[in-house]
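Remarks on the overall topology
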Amino acid sequence: MTEHTPKAVVTAGTGGIGLETAVGLARQGWDVTLVARDPARGEAAVARVDEAAGRRAGRFVRTELSSLAETRRLGERLAGEGALDLLVNNVGGMWTERWESPEGIEASIALNHLSPYVLTETLLDALAAAAPSRIVNVTSSAIAAAESVFDDVEPAGPHYGLAATGRAKLAHLAHSVELAGRLASRGVSVLAADPGAAATDNAALMTIDILPPALRPHWEQVLKGVSAPVTSAAKGPLAAATDPALEGRTGLVVGPDGTVDDTLLAFVTPELTEAVRRWTAELMAAAARAS
């Protein structure tokens, strides 16, 4: 009998936390599919993954993850390849300027919530086929800055990147907890991982305007936080993906130090989860009409 080589998919896997997570998986014997949009970065990332594994372990698949239609096609392609042991939804970001996805959805919502939502849904059967398997959704302490109201697509007033990303991450954390309950009987664990702040390419583009005015006195503290090495920020996602102590556990958040931390779960209530469920359905319907 041949030994099973576990298969993982890591979105936004060609740089930053995603790449460091992929490299860590490769060192532990995984085959890793890296999903992103830049072929040149993809080629370089695959080389790093292969080097870490000491063999050919990486693969790059080009996808514009801000497009829900492209993300769905990606999921269908990957699902057609059979059982999948691990999905790391690392895609996301925080931007000073507001911009929109191809379907006309504000980018923080599209990339931090809807894109991983769509990809996960299309891969559920593949993940169940590999049970026990895991879904790791990368979350963020930006949740603490979120306006937890989901009556409209976006809250009224100016756009502040930290608050926008926090709201989208809060929505996805609520969805993750709900999904964990739905998938428990299928042998698929759903874990969120907070990597903490780090010196990613995305962080390097931030300006003080990303903060709501009340938080701007803390800008120097923010800058200090995003100077941390990206390698250390992969500790949480890697632990959520591979720690044997988490086998069979679900609906948890793993903190930056790689241990379970329920701090962010305090923001998730049954009422908020129901509001997010309705809001997500409305967004998906609007995206379908725009396609």
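In the block above lies the structure referred to throughout.
Note that this is a predicted model, so its numbers are computed, not measured. (Residues numbered from 1 in each chain as written. Predicted model: local features only at pLDDT ≥ 70, side-chain atom pairs only at ≥ 80, totals over all residues. Heavy atoms only, no water.)

**Section: the pattern of salt bridges**
Oppositely charged side chains can pair when the atoms bearing their charge come close. All chains considered together, the criterion is met by 13 salt bridges. We note a salt bridge from Arg 37 to Glu 64, for which the minimum N-O separation is 3.3 Å. Taken together, the residues span a long stretch of sequence, with Arg 37 in the loop between strand E2 (31-36) and helix H2 (39-53) and Glu 64 in the loop between strand E3 (58-62) and helix H3 (68-79) at a distance of 27 residues. Residue classification places Arg 37 among the exposed positions, given a relative accessible area of 53%. Residue Glu 81 pairs with Arg 77 through a salt bridge whose shortest N-O separation is 3.9 Å. (Salt bridge = Lys/Arg side-chain N within 4 Å of Asp/Glu carboxyl O. Helix = DSSP H or I, 4+ residues; strand = E, 2+ residues; numbered from the N terminus. Buried < 20%, exposed > 50% of the residue type's maximum accessible area, 1.4 Å probe, protein only.)

**A few points about unusual backbone geometry**
Pro 132 follows Ala 131 through a cis peptide bond whose omega is 5°. Positive phi outside glycine occurs at Ala 12, with the angle close to 50°. The topology assignment puts Ala 12 in the loop between strand E1 (7-11) and helix H1 (16-27). In this structure Ala 12 comes out as partly exposed when scored by relative accessible area, which is 25%.

**Points about the packing of aromatic side chains**
Counted under the stated rule, the structure contains two aromatic pairs. Between Trp 95 and Trp 99 the ring centres are 5.4 Å apart and the planes differ by 85°, which places this aromatic pair in the edge-to-face class. When its relative accessible area of 18% is taken as the criterion, Trp 95 is described as buried. Seen in terms of ring centroids, Phe 150 and Trp 279 are 4.8 Å apart; in terms of plane orientation they differ by 65°. Their pairing is edge-to-face. Taken together, the residues Phe 150 in the loop between strand E5 (133-138) and helix H5 (161-183) and Trp 279 in helix H10 (residues 270-290) connect sequence positions 129 residues apart. (Phe/Tyr/Trp six-rings, centres within 6.5 Å; stacked < 30°, edge-to-face > 60°.)

**Concerning H1**
Compared with an ideal rise of 1.5 Å per residue, which puts twelve residues at 16 Å, H1 spans 17 Å between its outermost C-alpha atoms and is within 8% of the ideal. Where burial is concerned, most of H1 is hidden: ten out of the twelve residues are buried. Burial in H1 covers these residues: Ile 17, Gly 18, Leu 19, Glu 20, Thr 21, Ala 22, Val 23, Gly 24, Leu 25 and Ala 26. Contact partners of the buried residues in H1: E1, E2, H2, strand E4 (86-89), helix H8 (230-233) and helix H9 (235-242). After H1 finishes, the residue Gly 29 shows a positive phi value of roughly 95°. (Expected span 1.5 Å × (residues − 1). Contact = heavy atoms within 4.5 Å.)

**With respect to the nonpolar core**
The biggest cluster of nonpolar side chains holds 28 residues, and the ones touching the most others in it are Leu 25, Val 32, Leu 34, Val 49, Leu 86 and Val 136. Of the residues forming this core, the biggest block, five residues, is contributed by H1. Not counting the four nearest positions on each side in its chain, Val 32 is found in contact with Ala 8, Val 10, Ala 22, Leu 25, Ala 26, Ala 57, Gly 58 and Arg 59. (Core = buried A, V, L, I, M, F, W, Y, C linked by side-chain atoms within 4.5 Å.)

**A word on the side chain of Ser 140**
Following the sequence through the fold, Ser 140 ends up in the loop between E5 and H5. Among residues more than four places away in sequence, those in contact with Ser 140 are Lys 169, Asp 194 and Leu 264.

**Observations regarding the pairing of E3**
Looking at chain direction, E2 and E3 are connected through five bridges and run parallel. Following the sheet pairing, Ala 36 is matched in E3 by Arg 62. (Pairing = 2+ DSSP bridges.)

**Let's talk about the sheet that holds strand E6 (residues 188-193)**
In space, the seven strands of this open sheet follow the order E3-E2-E1-E4-E5-E6-E7, with parallel pairing throughout. Of all strands in the sheet, those bounded by a partner on one side alone are E3 and strand E7 (252-254). Taking each pair of neighbouring strands and ignoring which way they run, the sheet shows an average axis angle of 20°. The sheet contact formed by E1 and E4 spans three bridges and is parallel. Residue pairing across strands places Val 10 opposite Val 88, the latter belonging to E4. Lying over the sheet, H3 contacts E1, E2 and E3, oriented at roughly 145° with respect to E3. Where H5 meets the sheet, its contacts fall on E5, E6 and E7, and the angle it forms with E6 comes to roughly 160°. (Axes fitted to C-alpha atoms, helices over the stretch in contact; angles between N-to-C directions.)

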